[in-house]
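Chain by chain, the residues run as shown.
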Amino acid sequence: MTSGAEHHPHPPSDFEARARALESLLVEKGILTSASIDKIVDAFEHDIGPMLGARAVARAWIDPAFRERLLAAPKSALTELGITEHQVEELVVVENSPDVHNVIVCTLCSCYPWMVLGLPPTWYKSAPYRSRVVIEPRAVLREMGLDLSTDIEVRVWDSSSDVRYMVLPERPAGTEGWSEERLATLATRDSMIGVANAANATPSAAAGGEA
Amino acid sequence: VDSVHGPYKLPDTNAHHQGLDWEPVYTVRFEARELWGDAAEPRTTIRIDLSQSYLEGAP
């Protein structure tokens, strides 16, 4: 952990102090090394980010049989993509359509599909998001830039147990013939939480490169 | 009830070191109106994962 005190003019919080005490004790006793802790943190920050979920979404957009498997048995479908660090008992993938929009929340705490989306954004863990998105999801989504027609059913999924959820967003128009790698650049973290649609097929979004 | 999962460890007891109670978890679907009444937004449903002991038999 490198979030050192040099960035914080104020004293560390109780949680920071506790985490640091635990870390130094584990290192001192030879149970962990600082390098192994850094490696885990680094993996969550850089390797296990939303790109894993994005790869699954892009594959589902181009391969209908994979889409079926991703919806029916998400973990084994992810294993096909080499994503094997599932960490949770169960992952459920819910699909958006022209008639249905899904959005994920954990009202009790901050349950989040880490294995496909990496670290949760701060707002996901905030009390206002967690309490409001179940009561007035359309208003919350509108504030976040997604204005849904009342023709579209909104389904809120509260992952208050061991099951984790991920949204399969709709494939944006104008992406016919795109490569899987290029499509993956459109499957943003927010679109897989359900607070946004997949990015538009704009030239900047396409900068992810064509294979 | 939309679907059944688990069984999973009941967090209420597990978190307090009172042993492991394995319970099925049900994804229960509510119409927004059932929860929020007139304040509910239109065409909105909420699915909540609930452990078996959170539920009561329907009358």
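Quick note: structure is the one above.
Residues numbered from 1 in each chain as written. Chains lettered and ligands numbered in written order. Predicted model: local features only at pLDDT ≥ 70, side-chain atom pairs only at ≥ 80, totals over all residues. Heavy atoms only, no water.

## Here's the deal with the overall build of chain A
The number of helices and strands found in chain A is ten helices and four strands. Reading chain A from its N end, one meets helices and strands in the order α-α-α-α-α-β-β-α-α-α-β-β-α-α. The buried share of chain A, reckoned over its 211 residues, is 43%. A sequence separation of at least 24 residues applies to 65% of the contacts in chain A between residues at least 6 apart. (Helix = DSSP H or I, 4+ residues; strand = E, 2+ residues; numbered from the N terminus. Buried < 20%, exposed > 50% of the residue type's maximum accessible area, 1.4 Å probe, protein only. Contact = heavy atoms within 4.5 Å.)

## So, the pairing of strand E1 (residues 90–95) of chain A
Residues and elements named next belong to chain A. Across the six residues that make up E1, a large majority, five, are buried. Relative to strand E4 (residues 163–168), E1 runs parallel, the two sharing six bridges. Within E4, the position partnered with valine 93 by the bridge is methionine 166. (Pairing = 2+ DSSP bridges.)

## Some words on the interface of chain B and chain A
Between chain B and chain A, the contact holds 16 residues from the first and 24 residues from the second. Here chain B packs against chain A, burying approximately 1800 Å² in sum over the two surfaces, 49% of which is carbon and sulfur. The leading source of residues in the side of chain B that touches chain A is strand E3 (residues 44–51) of chain B, at six residues. As defined by bridge partners, strand E3 (residues 153–158) of chain A adjoins E3 of chain B across five bridges and the pair is classed as parallel. (Buried area = accessible area lost by both parts, 1.4 Å probe.)

## Considerations on the nonpolar core
Residues and elements named next belong to chain A. If you look at the biggest cluster of nonpolar residues, it comprises 63 residues, and the most contacted ones within it are Trp61, Leu70, Val103, Ile104, Tyr129 and Ile193. The element best represented in this core is helix H3 (residues 51–62), accounting for seven residues. Excluding anything up to four places from it in sequence, tryptophan 61 contacts Leu168, Pro169, Glu170, Arg171, Pro172, Leu183, Leu186, Ala187 and Ala198. (Core = buried A, V, L, I, M, F, W, Y, C linked by side-chain atoms within 4.5 Å.)

## Notes on the side chain of glutamate 41 of chain B
Mapped onto the secondary structure, glutamate 41 of chain B falls in the loop between helix H2 (32–36) and E3. Buried within the structure, glutamate 41 of chain B lacks any salt-bridge partner; arginine 138 of chain A is the closest side chain of opposite charge, at an N-O distance of 4.4 Å. At 2.6 Å, the side chain of glutamate 41 of chain B forms a polar contact with the backbone nitrogen of arginine 138 of chain A. At 3.1 Å, the side chain of glutamate 41 of chain B and the backbone nitrogen of alanine 139 of chain A are in polar contact. Setting aside residues up to four positions removed in sequence, glutamate 41 of chain B forms contacts with Ile135, Glu136, Pro137, Arg138 and Ala139 of chain A together with Ala32 of chain B. (Lys, Arg positive; Asp, Glu negative; His and termini not counted. Salt bridge = Lys/Arg side-chain N within 4 Å of Asp/Glu carboxyl O. Polar contact = N/O pair within 3.5 Å; in protein donor to acceptor, adjacent residues only side chain to side chain.)

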